[in-house]
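What follows is each chain in one-letter form.
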There are 2 protein chains.
Amino acid sequence: MNKQELINNIKAKKSFLCVGLDPDIEKMPEHLKGKLFEFNKEIIDATAKYTVAYKPNLAFYEVLGSEGVKAFEETVKYIQENHPDIFIIADAKRGDIGNTSKMYAKGLFEHTNVDAITVAPYMGEDSVTPFLGYEGKWVILLALTSNKGSQDFQFGKDENGTPLFEKVLRKSAEWGDDSNMMYVVGATQGKMFEEIRRIAPKSFLLVPGVGAQGGSLSEVVKYGITPECGLLVNSSRGIIHASKDADFASIAGEKAKELQEEMAQLLAENHII
Amino acid sequence: MNKQELINNIKAKKSFLCVGLDPDIEKMPEHLKGKLFEFNKEIIDATAKYTVAYKPNLAFYEVLGSEGVKAFEETVKYIQENHPDIFIIADAKRGDIGNTSKMYAKGLFEHTNVDAITVAPYMGEDSVTPFLGYEGKWVILLALTSNKGSQDFQFGKDENGTPLFEKVLRKSAEWGDDSNMMYVVGATQGKMFEEIRRIAPKSFLLVPGVGAQGGSLSEVVKYGITPECGLLVNSSRGIIHASKDADFASIAGEKAKELQEEMAQLLAENHII
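Quick word on unusual backbone geometry
Positive phi values are uncommon outside glycine, yet Cys229 of chain A reaches one of about 85°. Along the chain, Cys229 of chain A turns up in the loop between α10 (217-224) and β8 (231-235). On the basis of relative accessible area, Cys229 of chain A is assigned to the buried category, the value being 0%. For Lys14 of chain B, which is not a glycine, the phi torsion comes out positive at approximately 50°. Topologically, Lys14 of chain B is positioned in the loop between α1 (3-13) and β1 (17-21).

Set out below in structure tokens:
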């Protein structure tokens, strides 16, 4: 999916919501425990009209080994067949030497055929560029993450006073552009969005951390929105595990709808719709 | 496997060789094309007596999706059942927010039951520590990698002149120690081993990049060896894909034997055996 198609979907659905499909076995209703695909299917059916993206995090599938990865593949296929307008992000945070990253790219872009992969920048250029050669596919590079550990290295300043996350933004602009690269910027880093928009004014940002992790949607929008929206705001636990009971899917739908309505208003206020 | 057991195995086998099980379909002999487990099985049978560790890189399995991950699981099981003294490293380069890293740890340490996982440090403390709570299991943290892209961020110096890889070494020493944490240090960074040993004098280092990537074993040993050896030197393509023909396994055995013999001599010269 290219950038214009994504923007069109955002405008049509009045939403820049990404639902994180991170099914935690401990939090699933009793009758679906361990049945990752069946759980996801109900979540997808209940939330698809409010969301423009789904983001399965591979860890929640790999916890069950190859059987879990099969459920991930079934989930992607189900979205593609039933909601072909929805952008699918494999939240994998991969990154390895060139010939190895190429294998990750082939696996996720060719075999499973997702739209985007999250990539970790530590190993530099040749760990990222193998993901960039695919028409209509995206790298979503970790820049500033939503967790406490983001303090350990990402804010570390170099000799010129430039923090690492900023160096990642600047350096990666030599490898790709806003047509094939987005960045992860945590919602818990609200005030940093202004800074990031100075460096990456047109790039889409994938924003985790709203909800369970405490980030504020209105603050993210205030500092991060662009004339093309430029945001995909993710909520995982706050939607898919809002209820542990048999009504989990309808509750997930309600939670997604609440966020979509808030987003519709913010899109209108910012004259995007 | 704990540190002393690993050291005992190194002394018994007179080897600190790690064989990278990264089967590349393009380089496999015709009759085994795509049969990752069958290929690995022959490689393992031919190389087990020369090696103290196997390191399957997940990318080479995930390229085939869940079927590939199944071959990874079969490979680990085969090693465990037939060579229980061999240390198994899942080269996964994972790392995510705390509750997600916990899922990766459960998947690889509990479900598949490998001995060690390579972890990327960009997301900091809570992305690494969930991997550390397992008795006899190891985190192998990326410090200084063997690829060209290592230049992009890992060498970047902070305000005090400390490069990022050194900051990773120092900071991570607050999270684990040489009984549950090793570091990846590329063989192509030979002269840097002296520097790294100043910061991490007792830690095991996993050293990729000897062979296909051009690193020198003698230089790595010269600057990196400790009284406990403290090195696991990996070779992947240079062993498993040394031949594309039906004789690939016996050629792999010969290549592993050559490295083991060189290692035996270096261990003797350094009075470790």
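Structure shown, so let's carry the discussion forward.
A look at the sheet that holds strand β3 (residues 87-94) of chain B
Residue and element names in this part refer to chain B. Strand order in the closed barrel made by the 8 strands is β1-β2-β3-β4-β5-β6-β7-β8, with parallel pairing throughout. Ignoring strand direction, the axes of neighbouring strands in this sheet form an average angle of 30°. The sheet contact formed by strand β5 (residues 138-144) and strand β6 (residues 181-185) spans 5 bridges and is parallel. Across the sheet, Ile140 pairs through a bridge with Met182, a residue of β6. Along the sheet, helix α4 (residues 66-82) contacts β1, β2 (53-56) and β3; its crossing angle with β3, the most-contacted strand, is approximately 155°. Of the strands in this sheet, β5 and β6 touch helix α8 (residues 164-172), which is tilted by about 155° from β5.

Considerations on the nonpolar core
The tendency in soluble globular proteins is for nonpolar side chains to be buried as a group. Core analysis: the biggest nonpolar cluster contains 203 residues, and Phe16, Phe87 and Leu231 of chain A together with Phe16, Phe87 and Leu231 of chain B have the highest contact counts within it. Not counting residues within four places of it along the chain, the set of residues in contact with Leu231 of chain A comprises Ile10, Phe16, Phe193, Arg197, Phe204, Leu205, Val207, Val220, Val221, Gly224 and Ile225 of chain A.

Section: the interface of chain B and chain A
In this assembly, 56 residues from chain B lie in contact with 56 residues from chain A. By the criterion of area lost to chain A, the three top residues of chain B are Met103, Tyr122 and Phe153 of chain B, representing 19% of everything that side buries. Summed over the shared surface of chain B and chain A, the number is 6 salt bridges. In this structure, Arg94 of chain B and Glu62 of chain A form a salt bridge, with 2.9 Å as the shortest nitrogen-oxygen distance. Inspection of the chain B/chain A interface yields 26 residue pairs in polar contact (both at pLDDT 80 or more). Counting only elements with at least two residues in the side of chain B that touches chain A, the list comes to α3 (59-62), α4, β3, α5 (98-111), α6 (125-128), β5, α7 (150-153) and α8 of chain B. Here the element with the most residues in the side of chain B that touches chain A is α5 of chain B; it accounts for 7 residues. Of the residues in the side of chain B that touches chain A, the class split is 20 nonpolar, 17 polar and 19 charged.

A word on the layout of surface pockets
Quantified by volume, the largest pocket comes out at close to 230 Å³. Asp24, Glu26 and Val63 of chain A together with Met103 and Lys106 of chain B are the residues nearest the centre of the largest pocket, which is lined by 15 residues in total. With 7 residues, the top contributor of residues to the lining of the largest pocket is α5 of chain B. Of the residues in the lining of the largest pocket, the class split is 6 nonpolar, 3 polar and 6 charged.

Rules used throughout
- Residues numbered from 1 in each chain as written.
- Chains lettered and ligands numbered in written order.
- Predicted model: local features only at pLDDT ≥ 70, side-chain atom pairs only at ≥ 80, totals over all residues.
- Heavy atoms only, no water.
- Helix = DSSP H or I, 4+ residues; strand = E, 2+ residues; numbered from the N terminus.
- Buried < 20%, exposed > 50% of the residue type's maximum accessible area, 1.4 Å probe, protein only.
- Pairing = 2+ DSSP bridges.
- Axes fitted to C-alpha atoms, helices over the stretch in contact; angles between N-to-C directions.
- Contact = heavy atoms within 4.5 Å.
- Core = buried A, V, L, I, M, F, W, Y, C linked by side-chain atoms within 4.5 Å.
- Buried area = accessible area lost by both parts, 1.4 Å probe.
- Salt bridge = Lys/Arg side-chain N within 4 Å of Asp/Glu carboxyl O.
- Polar contact = N/O pair within 3.5 Å; in protein donor to acceptor, adjacent residues only side chain to side chain.
- Nonpolar A, V, L, I, M, F, W, Y, C, P; charged D, E, K, R; others polar.
- 1 Å grid on protein atoms, 1.4 Å probe; cavity = no way out; pocket = protein on both sides within 12 Å on 5 of 7 lines; lining within 4 Å.
- Points joined across faces, edges and corners; volume = space filled by probe spheres on them.

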